[in-house]
Amino acid sequence: MPGMLPLTPQAGDSRRTAFLARIICLFVLCGVGMACVPAARAEDGYDLWLRYRAVEAERAQAYPPYVTQLVAGTTTPTQAATRTELMRGLEGMLGAAPAVAENVTRDGALVVGTAASSPLIARLALDTRRLGPEGYLIRSTTVGGKAVTVIAANQDIGALYGAFHFLRLLQTGQSLERVDIRESPRVKLRVLNHWDDLDGHVERGYAGASIWDWHKLPDYLDPRYTDYARANASLGINGTVLNNVNSNALSLTPMYLEKTAALAGVLRPYGIRVFLSARFSAPIEIGGLKTADPLDPAVQRWWREKTDEIYKTIPDFGGFLVKANSEGQPGPQDYGRSHADGANMLADALAPHGGTVMWRAFVYSHEQPDDRAKQAYSEFVPLDGKFRDNVMVQVKNGAIDFQPREPFHPLFGAMPKTPLMMEFQITKEYLGFATHLVYLGPLFEETLKADTRRRGKGSTVAKVIDGSLHGYAITGMAGVANIGADRNWSGSQFDQANWYVYGRMAWNPNLSSQAIAEEWARMTFSNDAKVVTPIVEMMMGSREAAVDYMTPLGLHHVMGRGHHYGPGPWISGGPRADWTSVYYHRASADGIGFDRTASGSNAVAQYAPAVAREFGDVRRVPEEFLLWFHHVPWDYQTRSGRPLWNELVHRYTRGVDYVHGMRKTWDGLEGSVDPERHAQVAGFLAIQEKEAQWWRDASIAYFQTFSKRPLPEGYEPPPHPLEYYESLEFPYAPGNG
Ligand code: GCW
């Protein structure tokens, strides 16, 4: 009742009190130089790297002179999002949001916008010409004699990206004095691929159900969609394919397009365009046609009309992603047409609207394969130059399938007239699902730095992807998302780093995975070197450790059948040879490995001559690819001096040891990381340790039946006979199907 004192505290009151307490804490305690430690908050990982927790006392004192006022527009939704993010971040980190002002009236103002949105920025006449539509600059300067920091861009989205960068400076403990940063993305299309089905299942998803609640869309817009957009925009991701490449034609029906349009509305202010995976046979399934032949005029008309309809609902729709004639998906080859015929038909429908086709090169024939690793190259290279300008061919990093380690895909560098985009897998289908701590930065970096030698030395995959090697007009990178409805988004705390590093490398494929790991660790856990250093160290060796305990020396595709969970080197039989493990490792009494040299499948010949010579020569091939390209005897002498069998055992064991080490390191961080996240990581590391051991033991038990050699001295034999490992079954392993 009005006028009466409430008997119990009201929610608003406690928020106000907490806020006041923080302000008092900051200005009183920190003002007299005392430590200001805000009460520890339980954390479940939902905030990702955008936690904006209070910075330590000394830094909190150093920052306010640079962020006393905020001069930023709110006319457009993107401007509003920019301002809200800055207020939220600065308030979180410094205890109080800056004063919002129309003009600079004191030292320390932060001025944000474009020449069009801010007369002040227009007057500063900054040179933004080479920044492009998404770039930005952040610079310390003066306005009317007052010291200010300016975040300027050509378009609103650039200013939003700049704001996230500015916040990152504070989050990672950097100085705001004399800042001079210019950034623009090296790759135009930076997209996530969700393998999410309309029923909420996520193919190869280990983070719960799909975040897209199709049933409640378009009416209910989960606030989580906005947080998804913020997280992606903070990395510069500017597109998202909402549905699985194993697609359902219903996604293209009016009912689902309305739902997609609602999502597009949430993502738009954050610079994210939506794309859809298009099912090639949709004209038959939802269009009532008898064929999906891309050269049939009725089919072409159907796609044109469907595309026009999409653009009526979603004017900035990005385009289609297509998996065709691969693993049972329909495609142009069903009608004797080529991938180019199929892609061009869709490209023609999208072109008037500015849309793009991303046509996947992950294909392999329905017949018994020659060598699966060769098929994409054989099918696509003859089509170079035959695709429309708005088609990109999307190529997985390696020729088989997202293995813990693969040599770079031979298509990179081999299609100079066709923009090739990279497809990385962020979700860890072959790398221990969500429970193994495996930081993928080194995998991405290794691929991007690989030298195709197509135009002499230094023709790196990164230069193919950023377009500089062949002068591609459009460029792109896709990451198969690891995002789901779990509170921590990615299924584990450390898998957030894989989303993060993907986004950062899509923006700039030349960044170092170590620098990104450090940035992420600081934002996600703490700026304290005692926390950052061990975490980065754990992360940086974690991928090599997974290679060691799963697929050392170039072994590949030896996981459990179908679900890919755990070891399955014994897998044989079934519908296709190239869905078995024995096809890939070829272990026998005389040795192990897939001969891909001239005496075998000759897949090496698909690389540039300089690379083919290196990979094809057993003495020169990098040892990590030894068994990928060569079949060698069990007593083959490896570079360590150990015979191959001993080297294999050594590497399997080394991988397990690394995981022991990670557990110890993490235990040492108890008390330095909030208890909830610490406990979850500790629990998952225990699972990883058990499973790494299982991988090692099962693999050794199996390969020993061929090598017929004892374990080298000092190495423990597997505790169970091979039959035990072979008998394990996991019918409900997640992500399958
Ligand atoms: O890695 C394999 C997966 C399939 C996936 C396919 C692809 C979407 O096992 O689940 O299907 O690749 O990339 O198309």
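Everything below is about the structure shown above.
Let us look at the structure shown here. All figures in this text were calculated on a predicted structure; none of them were measured in a lab.

When you go through the chain residue by residue, the secondary structure sums to 22 helices and 14 strands. Each principal axis of the C-alpha distribution contributes one length, and for the chain these read about 85 × 70 × 60 Å. The proportion of buried residues among the 737 residues of the chain is 60%. If you take every contact in the chain between residues at least 6 apart in sequence, the share linking residues at least 24 apart comes to 72%. Counting only carbon and sulfur atoms, one obtains 54% of the accessible surface of the chain, whose full area is about 28200 Å². In the chain, 74 side chains carry a positive charge and 80 a negative one; their mean positions are 5 Å apart.

Turning next to the nonpolar core. Formed by 215 residues in total, the largest nonpolar core has its most connected members in Trp 49, Phe 166, Trp 303, Phe 320, Trp 359, Trp 499 and Trp 666. Residues contacting Trp 49, with those up to four places away along its chain left out, are Gln 171, Ala 231, Ser 234, Leu 235, Gln 496, Trp 499, Tyr 500, Trp 520, Met 523 and Thr 524. Among the nonpolar cores identified, the runner-up in size contains 14 residues, and Val 104, Ala 109, Ile 121 and Leu 131 belong to it.

Looking at the ligand, there are 15 residues lining it, with Glu 203, Lys 323, Arg 360, Asp 401 and Glu 429 nearest. A distance of 2.9 Å separates an oxygen atom of the ligand from a polar side-chain atom of Arg 204. Between an oxygen atom of the ligand and a side-chain N or O atom of Asn 246, the distance comes to 3.2 Å. If the ligand stood free it would expose 340 Å²; the protein chains cover 97% of that surface.

Moving on to the packing of helix 20 (residues 644–667) against helix 21 (residues 675–707). Put simply, helix 20 and helix 21 touch, their axes get as near as 9 Å, and they point 170 degrees apart. With respect to their mutual orientation, helix 20 and helix 21 come out roughly antiparallel. For the contact of helix 20 with helix 21, the residue count by class is 14 nonpolar, 8 polar and 5 charged.

If you trace the 6 strands from one edge of the open sheet to the other, you get 2-1-3-5-4-6, paired in mixed fashion. Across the chains shown, the open sheet's two edge strands, defined by having one partner strand only, are strand 2 (99–100) and strand 6 (180–183). Pairing of strand 1 (residues 69–72) with strand 3 (residues 109–114) involves 4 bridges; the strand directions are parallel. Pairing of Ala 72 across the sheet is with Val 112, part of strand 3.

The next thing to look at is the pairing of strand 1. Two faces make up the sheet, and in a regular strand the side chains alternate between them. Neither face of strand 1 is exposed, since Gln 69 and Val 71 on one face and Leu 70 and Ala 72 on the opposite face are all buried. Running through helix 3 (residues 77–94), the crossover from strand 1 to the neighbouring parallel element strand 2 is right-handed.

On to the sheet that holds strand 12 (residues 391–396). With parallel pairing, 8 strands are arranged side by side around a closed barrel as 7-8-9-10-11-12-13-14. Going from strand to strand, the sheet's axes swing by 25 degrees on average, the running direction of each strand aside. In this structure, strand 11 (residues 356–360) lies alongside strand 12, joined through 4 bridges in parallel fashion. Note that in strand 12 the partner of Arg 360 across the bridge is Gln 394. Helix 7 (residues 254–267) contacts strand 8 (239–241) and strand 9 (273–277) of the sheet and is inclined by roughly 150 degrees relative to strand 9.

We now examine the packing of aromatic side chains. The way to describe two aromatic rings as a pair is by their centre distance and the angle between their planes. Tallied over the entire structure, the rule returns 42 aromatic pairs. Here Tyr 702 and Phe 703 contribute two aromatic rings whose centre-to-centre distance is 5.1 Å and whose plane-to-plane angle is 65 degrees, an arrangement assigned as edge-to-face. Assessed through its relative accessible area of 1%, Phe 703 is described here as buried. Aromatic side chains Tyr 702 and Phe 706 sit 5.2 Å apart centroid to centroid with 75 degrees between the ring planes, which places their arrangement in the edge-to-face category. Note that Tyr 702 and Phe 706 are positioned in helix 21 at a spacing of 4 residues, about one turn of the helix.

Topologically, Lys 457 is positioned in the loop between helix 12 (441–449) and helix 13 (461–465). When the C-alpha positions of Lys 457 and Ala 610 are compared, they lie 9.3 Å apart, and in sequence the two are 153 residues distant.

So, about the side chain of Asp 156. Take Asp 156: it is sitting in helix 5 (residues 156–171). No salt bridge forms around the buried Asp 156; measuring N to O, its nearest opposite-charge neighbour Arg 268 is 12 Å away. Within polar-contact distance, the side chain of Asp 156 engages the side chain of Gln 79 at 3.2 Å. Excluding anything up to four places from it in sequence, Asp 156 contacts Thr 76, Thr 78, Gln 79, Thr 114 and Ser 117.

We now examine the packing of helix 5 against helix 6 (residues 223–235). Look at helix 5 against helix 6: their axes get within 8 Å of each other, and the N-to-C directions meet at 85 degrees. Taken together, helix 5 and helix 6 sit at an angle that is classed as roughly perpendicular. Here Leu 160, Tyr 161, Phe 164 and Arg 168 of helix 5 lie close against helix 6, whose contacting residues are Arg 230, Ala 233 and Ser 234. Class assignment for the residues of the contact of helix 5 with helix 6 results in 4 nonpolar, 1 polar and 2 charged.

This part is about the pairing of strand 7 (residues 189–193). Burial of strand 7 is extensive: 5 of the 5 residues sit out of reach of the surface. Every second residue of strand 7 is oriented toward a common face, with Leu 189, Val 191 and Asn 193 on one face and Arg 190 and Leu 192 on the other, all of them buried. Examined bridge by bridge, strand 7 and strand 14 (residues 476–480) share 5 bridges and lie parallel to one another. From the neighbouring strand, Val 191 faces strand 14, where its bridge partner is Ala 478. By the bridge criterion, 3 bridges tie strand 7 to strand 8 in an arrangement that is parallel. Residue pairing across strands places Val 191 opposite Gly 239, the latter belonging to strand 8. In the classification by handedness, the crossover that spans strand 7, the intervening helix 6 and the parallel strand 8 is right-handed.

Cut-offs applied
- Residues numbered from 1 in each chain as written.
- Predicted model: local features only at pLDDT ≥ 70, side-chain atom pairs only at ≥ 80, totals over all residues.
- Heavy atoms only, no water.
- Helix = DSSP H or I, 4+ residues; strand = E, 2+ residues; numbered from the N terminus.
- Buried < 20%, exposed > 50% of the residue type's maximum accessible area, 1.4 Å probe, protein only.
- Contact = heavy atoms within 4.5 Å.
- Areas by Shrake-Rupley, 256 points an atom, 1.4 Å probe, with all protein chains shown as cover.
- Lys, Arg positive; Asp, Glu negative; His and termini not counted.
- Charge placed at Lys NZ, Arg CZ, Asp CG, Glu CD.
- Core = buried A, V, L, I, M, F, W, Y, C linked by side-chain atoms within 4.5 Å.
- Near = heavy atom within 4 Å.
- Polar contact = N/O pair within 3.5 Å; in protein donor to acceptor, adjacent residues only side chain to side chain.
- Axes fitted to C-alpha atoms, helices over the stretch in contact; angles between N-to-C directions.
- Parallel < 35°, antiparallel > 145°, perpendicular 65-115°, else oblique.
- Nonpolar A, V, L, I, M, F, W, Y, C, P; charged D, E, K, R; others polar.
- Pairing = 2+ DSSP bridges.
- Right-handed = clockwise from strand over helix to strand, strands pointing away.
- Phe/Tyr/Trp six-rings, centres within 6.5 Å; stacked < 30°, edge-to-face > 60°.
- Salt bridge = Lys/Arg side-chain N within 4 Å of Asp/Glu carboxyl O.

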